[in-house]
Amino acid sequence: GAVVSQHPSRVICKSGTSVKIECRSLDFQATTMFWYRQFPKQSLMLMATSNEGSKATYEQGVEKDKFLINHASLTLSTLTVTSAHPEDSSFYICSARGDRGGAVSYNEQFFGPGTRLTVL
Amino acid sequence: GENVEQHPSTLSVQEGDSAVIKCTYSDSASNYFPWYKQELGKGPQLIIDIRSNVGEKKDQRIAVTLNKTAKHFSLHITETQPEDSAVYFCAASRGYSTLTFGKGTMLLVSP
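Presented here is a report on the structure given in the accompanying data block. Just so it is clear, the structure is predicted and the values come from calculations on it, not from any experiment.

Secondary structure summary: chain A contains zero helices and 11 strands in total. Mapped from its N terminus to its C terminus, chain A presents α and β elements in the order β-β-β-β-β-β-β-β-β-β-β. Taking 2.2 N^0.38 as the reference for a compact globule, 120 residues should give roughly 14 Å; the C-alpha atoms of chain A span a radius of gyration of 14 Å, in line with that estimate. Along the three orthogonal principal directions, the C-alpha set of chain A runs to about 45 × 25 × 20 Å. Here chain A, with 120 residues, has 51% of them falling under the buried criterion. Roughly 5,800 Å² of accessible area belongs to chain A as shown, and the carbon and sulfur atoms make up 50% of that amount. Separation between the mean location of the 12 positive side-chain charges and that of the 10 negative ones in chain A comes to 6 Å.

Here's what the structure looks like:
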């Protein structure tokens, strides 16, 4: 149980285009999803927290107009990188957390497999 | 806010040896401490976690200990195998707040 998927796993795009990454909780309802960014050989950097049906909360320094997050259902959150530039190239990872009455409890977060974004 | 320090940054052991990774945290109100294993090119995988009302938890070859007084917790892997080679992250949180991660430990198990 507690499986999270991400799509696509890898994407290469041209500078100036937009890219959408999907994060799905496959076997539980995720009231909260998190989006992280990870640079090579570094730890995870939290970008934003999204709760189903409400606006995402962005961490300091993360541009909300550039990284659009939508958490439209209890099993799906999307991250759209708008007008991508080479410096946006990174490994993007989502995680999902269920509510206390669901299959997962407390603050357990389950991560997706990640999406490697390369902007040319 | 919470600050998590993790040591060592790299750890090399021989197959069959034990490996220990240590983390300290700053917020005495933190009450949830998970450990994640991340293989190259993949997302982190939750391998074990401990809550503040427990001092130790074990799952086969993996164990975690928590010392609330000293504000540190450790991951212990016994009888290491080459497939244990990965980057391990500790994290801490208070209630339902966001997780604060350590910087990671690259574990290399040599056959």
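Having put the structure on the table, let's press on.
We now examine the environment of Phe33 of chain B. All names here are of chain B. Structurally, Phe33 is set in strand β4 (residues 32-38). With relative accessibility at 0%, the residue Phe33 sits in the buried group. Each C-alpha atom of the pair Phe33 and Arg94 lies 9.2 Å from the other, and the pair is 61 residues apart in sequence. Setting aside chain neighbours within four positions, we find Phe33 in contact with Tyr25, Ile48, Asp49, Ile50, Ser52, Leu66, Phe73, Ala91 and Ala92.

We now examine the sheet that holds strand β3 (residues 19-25) of chain A. Backbone hydrogen bonds hold the strands of a sheet together, and the pairing may be parallel or antiparallel. Residues and elements named next belong to chain A. Taking strand neighbours across the sheet as the criterion, the four strands line up as β1-β3-β8-β7 in an open arrangement whose pairing is antiparallel. Two strands in the sheet have a free side with no partner beyond their single neighbour: β1 (4-7) and β7 (67-73). Sheet twist, expressed as the average angle between the axes of neighbouring strands with direction ignored, equals 15°.

Residues and elements named next belong to chain B. Turning to its location among the elements, Gln81 is positioned in the loop between β8 (72-77) and β9 (86-92). For the pair formed by Gln81 and Val109, sequence separation is 28 residues and the distance between their alpha carbons is 6.3 Å. Those residues in contact with Gln81, other than ones at most four positions away along the chain, are Glu15, Arg61 and Val109.

In this section: unusual backbone geometry. Residues apart from glycine generally show negative phi values, whereas peptide bonds are mostly found in trans. The linkage connecting His7 of chain A with the following residue, Pro8 of chain A, adopts the cis geometry, with an omega of 0°. Mapped onto the elements of the fold, Pro8 of chain A is located in the loop between β1 and β2 (10-13). The residue after His7 of chain B, namely Pro8 of chain B, is reached through a cis peptide bond having omega -5°. Located in the positive-phi region is Lys41 of chain A, a residue other than glycine, with phi close to 60°. Along the chain, the position of Lys41 of chain A falls in the loop between β4 (30-38) and β5 (44-51). Of note, Gln60 of chain B is a non-glycine position whose phi angle comes to about 55°, a positive value. Summarising the element assignment, Gln60 of chain B is placed in the loop between β6 (56-59) and β7 (62-67).

Basis of the calculations
- Residues numbered from 1 in each chain as written.
- Chains lettered and ligands numbered in written order.
- Predicted model: local features only at pLDDT ≥ 70, side-chain atom pairs only at ≥ 80, totals over all residues.
- Heavy atoms only, no water.
- Helix = DSSP H or I, 4+ residues; strand = E, 2+ residues; numbered from the N terminus.
- Rg over C-alpha atoms; globule rule 2.2 N^0.38 Å.
- Buried < 20%, exposed > 50% of the residue type's maximum accessible area, 1.4 Å probe, protein only.
- Areas by Shrake-Rupley, 256 points an atom, 1.4 Å probe, with all protein chains shown as cover.
- Lys, Arg positive; Asp, Glu negative; His and termini not counted.
- Charge placed at Lys NZ, Arg CZ, Asp CG, Glu CD.
- Contact = heavy atoms within 4.5 Å.
- Pairing = 2+ DSSP bridges.
- Axes fitted to C-alpha atoms, helices over the stretch in contact; angles between N-to-C directions.

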